[in-house]
Amino acid sequence: FIIAFAWSWGWWSGLIFSTPSDAILTGNLPPSFIFFALLGGFGPSVSGIIVSLLSDGRDGLKETLGGLKKTGFSFWWYAVSMLAVPLMVAVQTGIHAAAGRSISFEVSGLMFVMGFVWPLFSSFGEEIGWRGFALPKMQKRYGVLSASLILGLVWGLWHLPSDYIAYSSYGWRFIPMFILVGPVTLTAHSAIMSFIYNKTNGSLLAMIIYHFTITAMAILSPSFSFSGPADDIAKTAVNVSVLVAAALLVLLFSKTMRNKSEKINETEA
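The structure contained in this document is the topic of the report that follows. (Residues numbered from 1 in each chain as written. Predicted model: local features only at pLDDT ≥ 70, side-chain atom pairs only at ≥ 80, totals over all residues. Heavy atoms only, no water.)

1. Details of helix α1 (residues 2-18)
Put simply, the rule reads: Under the scheme used here, helices are H or I runs from DSSP no shorter than 4 residues and strands are E runs no shorter than 2 residues, and both carry numbers assigned from the N terminus. To estimate how far a helix should extend, the number of its residues minus one is multiplied by 1.5 Å. The bend reported for a residue corresponds to the angle between axes fitted to the seven residues ending at that residue and the seven starting there. Classification of residues uses two cut-offs on accessible area relative to the type maximum, computed with a 1.4 Å probe and protein chains only: under 20% is buried, over 50% is exposed, and between them is partly exposed. Here, two residues are considered to be in contact whenever any of their heavy atoms come within 4.5 Å of each other.
Over its 17 residues, α1 runs 25 Å from end to end, which matches the ideal 24 Å to within 8%, given 1.5 Å per residue. Of all the bends found along α1, the most pronounced is centred on G10 and spans about 30°. All of the buried residues in α1 are A4, F5, S8, W12 and L15. Considering only its buried residues, α1 is in contact with α3 (31-40), α4 (43-65), α7 (144-158) and α8 (160-167).

2. With respect to the side chain of T200
Just so we agree on the cut-off: Polar contacts, as used here, are pairs of N or O atoms within 3.5 Å; protein pairs need one atom able to donate a hydrogen and one able to accept it. Residues neighboring in sequence count only if both atoms are side-chain atoms.
Structurally, T200 can be placed in the loop between α9 (174-199) and α10 (204-220). Of the residues examined, T200 reaches a relative accessible area of 0% and is grouped as buried. Within the local environment of T200, its side chain forms a polar contact with the backbone oxygen of Y197, the two atoms lying 3.1 Å apart.

3. Section: the environment of H189
Tracing the sequence through the fold places H189 in helix α9. Taking the relative accessible area as the measure of exposure, H189 reaches 6% and is therefore buried. Taking the C-alpha atoms as reference points, H189 and Y210, separated by 21 residues in sequence, lie 9.2 Å from one another. Look past the residues within four positions of H189 in its chain and what remains in contact with it is V85, M88, W155, Y210, I214 and L243. Only 2.8 Å separates the side chain of H189 from the side chain of Y210, close enough to count as a polar contact.

4. Thoughts on the pattern of salt bridges
So the rule is basically this: The salt bridge definition used is simple: a Lys or Arg side-chain nitrogen within 4 Å of an Asp or Glu carboxyl oxygen.
The final tally for this structure, using the stated rule, is three salt bridges. The residue R101 makes a salt bridge to D231 at a minimum N-O spacing of 2.9 Å. Note that R101 is positioned in the loop between α5 (76-98) and β1 (103-104) and D231 in helix α11 (residues 229-253), a separation of 130 residues in sequence. For R101, a relative accessible area of 18% corresponds to the buried category. Across the pair K235 and D232 runs a salt bridge whose closest N-O atoms are separated by 3.0 Å. One end of the pair, K235, and the other, D232, are both in helix α11, three residues apart, so they sit about a helical turn from each other. Residue K235 shares its accessibility class with D232, and that shared class is buried.

5. Examining the nonpolar core
Test applied: Nonpolar cores were defined as sets of buried Ala, Val, Leu, Ile, Met, Phe, Trp, Tyr and Cys residues, with membership established by side-chain atoms within 4.5 Å.
In terms of nonpolar packing, the biggest core is built from 39 residues, with W155, I192, I196, M207 and Y210 touching the most fellow members. Residue assignment for this core shows that the elements contributing at least two residues are α1, α3, α5, α6 (109-142), α7, α9, α10 and α11. Element by element, the count of residues in this core is highest for α9, at eight residues. Here I192 is in contact with M88, Y210, L243, A246, A247 and V250, once residues within four sequence places are set aside. Grouped together as the second largest cluster of nonpolar side chains are ten residues, Y170, M177, F178 and I233 included.

6. Points about the packing of aromatic side chains
As a reminder of what qualifies: Ring pairs are drawn from Phe, Tyr and Trp, using the six-membered ring of Trp, whenever the two centres fall within 6.5 Å, and their geometry is named by plane angle: stacked under 30 degrees, edge-to-face over 60, tilted for the rest.
What the rule picks out here adds up to 13 aromatic pairs. A ring pair is formed by F5 and W9, whose centres lie 5.2 Å apart and whose planes are at 50°; its orientation type is tilted. Of the two residues, F5 and W9 both sit in helix α1, four residues apart, roughly one turn of that helix. According to the relative accessible area criterion, F5 is buried, its value standing at 16%. On the basis of relative accessible area, W9 is assigned to the partly exposed category, the value being 31%. Centroid distance W77 to F195: 5.6 Å. Interplanar angle 75°. Geometry classified as edge-to-face. Here the residue W77 occupies a position in helix α5, and F195 occupies one in helix α9, the gap between them amounting to 118 residues.

7. Some points on unusual backbone geometry
One non-glycine residue, N201, adopts positive backbone phi at about 60°. With respect to the secondary-structure elements, N201 resides in the loop between α9 and α10.

8. Here's the deal with the environment of N239
Tracing the sequence through the fold places N239 in helix α11. For N239, a relative accessible area of 17% corresponds to the buried category. Taking C-alpha positions, N239 is 5.6 Å from Q92, a pair spaced 147 residues apart along the chain. Once you skip the residues sitting within four places of it in the chain, N239 turns out to touch Q92 and H96.

9. Quick look at the side chain of S190
Relative to the assigned elements, S190 resides in helix α9. Beyond its immediate sequence surroundings of up to four residues, S190 is in contact with R131, S148, L151, G152 and W155.

As C-alpha cells, this is what we get:
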C-alpha cells in the first residue's frame, strides 16, 4: 500500500496544482494530463508486482498473476462481472427519471474511445495489485468480509488526489462528495467484487472485467440535469444508495463470505 500510494500520489501531485478546477467537468484536458493520470493509475499493480518479486521472487509473481488463468467456474460469472455495474447504472437512471430529472446522453467520438481505452488502463493498472496481490493475502489474515471492507476503504482513500482534481471547484462540499464517490462507493464495490472473486476461485480476470465496467460506466453513462455542487451531491447520494443496497443484498443473501472465512480459519488452525 505504501508503494502504491507513493507511486500514484507522486505522479498525481503535480496535476493538483496544474489542472484548472473545472477541467474534468468541462472535458478540457490536455494530453499531458491524460498521460500523468494514467501513469499514476498504475501504482497498485506496480506495487503488487514489486512486492511479489521482493518477497517470493518469480514464484510470488506467478502467484499474483495466476488469477488471470483461473478457470473451472461457470461462464455465468463472467456475465455477472460484466453486467452488474451497468444494471446498477440502469436502476440509478430509472430512479432519477422517475424523480423528474432531465436525462441526456451525448458522447463525442473522443469520449467514446476513452470510454473503452481508459478502463483498460485503470483495470489492469489497479487490479493486479488490489485483488491479484492484496486481497488473497488479506483474506487469510482478516477473513473475507473484513478484508474486502479494509481494501475498499484503502481503495477509496487512494483516489483522494484524483477526486480532488475532479471536484476541487466544489469548495468545502468536496468533502462529502469525496466520501461518497471514494470510500463509500468503492467499499461497496469491494464487497461485491470479493464475492465474485471467491465464487470464481480467485479469478483476476473477472475482477478486471468488473473494474473495467466501473470506469466505462463513469465515462459513458447518461448525464442528468445539473444545478450546482449541492445538486450533484444529492444525485450522487442516490447513486451510491443503489450501490450500497446491492452490496448489502450480496452480503445478506450469500454464505460465500462466511463459509470462505471459516475455511480459511480452519486452514490457518
